[in-house]
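# Structural features, examined
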Amino acid sequence: MRRVILQKPIGYCFGVISAIEKAKEVKKQYPNSNIYVFGELVHNSFVIEKLKELGINTVPFSRETAIAQLKSFNKDDIVIFTAHGHPEIYNQVLEERGITYFDTTCVNVKENMRLIKENLDRGVIYIGKKDHEETIASLSLGEQVILYDIKEKIDYSKVNFENPLVINQTTLSILELKEIHKEIKKNIPNSELSNEVCGATRIRQEQIKNIDDSYELIVIVGSPNSSNTTKLYQTAKAYHKNKKVLQINDVTDFEKEDISNYNNVIMLSGTSAPMEIINKIKDYLERN
């Protein structure tokens with residue numbers, strides 16, 4: 001029989017649990033109101049579907065049309081902002097229209113934004129994915145925040161800071177950041193590095209490094225649009241080049257993979273993957 005081990009910590013992190021519970025509390029408080037999450041509360045399709053079943057609808061987020069979208073809500077609607085953070089102007093738009101809203105921003109993201117605000121005078125370089133909600137929220141804090149996009153990098157000729165604070169999206173890879181930090185230090189020697197990968201993400205990435213050789217297959221559970229899940233997958237690929245590594249959102253993802261020869265499996269998950277899905281995947285692996 002195939003051996004399948006769940007590597008702890010696994011499933012939701014504290015920030016995801018907090019966001020989901022907050023959304024449920026809002027529904028109980030306003031049972032007869034239309035409740036909308038502006039963007040994905042957390043990046044997991046199963047969570048979004050469960051919220052919909054409770055009567056909590058998700059409004060697709062678009063940076064280009066965000067203000068217009070917010071203005072389209074009615075006074076009786078209830079709006080919930082996601083765990084990833086959002087620009088403060090979004091609050092103002094809803095307040096001007098007398099619309100009730102709630103904020104589920106993760107405490108780690110809030111701390112990041114506090115640090116950015118405190119260091120605007122010296123300049124800030126923010127490392128992140130340009131279209132991620134957390135990045136959009138952080139860049140909105142001031143023109144002194146310059147983006148280092150993890151795909152496009154940065155044009156150093158446009159950076160006129162002598163000793164900027166270097167901070168990052170909380171769900172990035174510690175391995176990836178290490179190389180980026182080296183590059184920034186080479187170009188801006190007096191920059192101050194602040195590695196702000198959240199604790200839950202960091203622990204899971206560290207666990208991957210320590211997976212022993214007895215495991216032939218590494219399964220990372222989580223949605224493809226989850227940044228921290230993707231970084232776990234990339235970290236596993238980097239540290240275990242001789243092993244099979246899969247990023248799986250649901251059991252149907254195994255249909256295109258031949259895993260018949262892998263008898264020892266270890267499973268990890270992103271911070272927004274539900275235990276219900278994790279256990280279904282574990283059961284599938286043990287039975288097939």
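Attention in this report is confined to the structure presented alongside it. (Residues numbered from 1 in each chain as written. Predicted model: local features only at pLDDT ≥ 70, side-chain atom pairs only at ≥ 80, totals over all residues. Heavy atoms only, no water.)

## Thoughts on the sheet that holds strand E2 (residues 35–38)
Convention followed: Two strands pair if DSSP finds at least two bridges between them. Secondary structure counts use DSSP, requiring at least four H or I residues in a row for a helix and at least two E residues in a row for a strand, with both numbered from the N terminus. In this analysis an axis means a line fitted to C-alpha atoms, helices contributing only their contacting stretch, and an angle means the value between N-to-C directions, from 0 to 180 degrees.
Taken in spatial order, the four strands of this open sheet run E3-E2-E4-E5, and their pairing is parallel. Two strands bound the open sheet, and with one partner strand each, they are strand E3 (56–59) and strand E5 (100–103). When strand polarity is set aside, the average angle formed by the axes of neighbouring strands in this sheet is 30°. Looking at chain direction, strand E4 (residues 78–81) and E5 are connected through four bridges and run parallel. Across the sheet, Phe81 pairs through a bridge with Asp103, a residue of E5.

## Observations regarding the side chain of Thr201
We apply this condition: In this description, contact between two residues means that some pair of their heavy atoms is separated by no more than 4.5 Å.
Looking at the element boundaries, Thr201 is found in helix H8 (residues 199–209). In this structure Thr201 touches Thr170, Thr171, Leu172, Asn228 and Thr271, once residues within four positions along its chain are discounted.

## Brief notes about the pairing of strand E7 (residues 145–149)
Going by this rule: If you view a crossover with the strands going away from you and the path from the first strand over the helix to the second runs clockwise, you call it right-handed.
Taken together, the five bridges between strand E6 (residues 124–128) and E7 define a ladder with parallel strand orientation. For Val124, the partnering residue across the bridge sits in E7 and is Val145. Assessed by its sense of winding, the connection that carries the chain from E6 through helix H6 (residues 133–139) to E7 is right-handed.

Remember that the coordinates give geometry; whether it matters functionally is a separate question.
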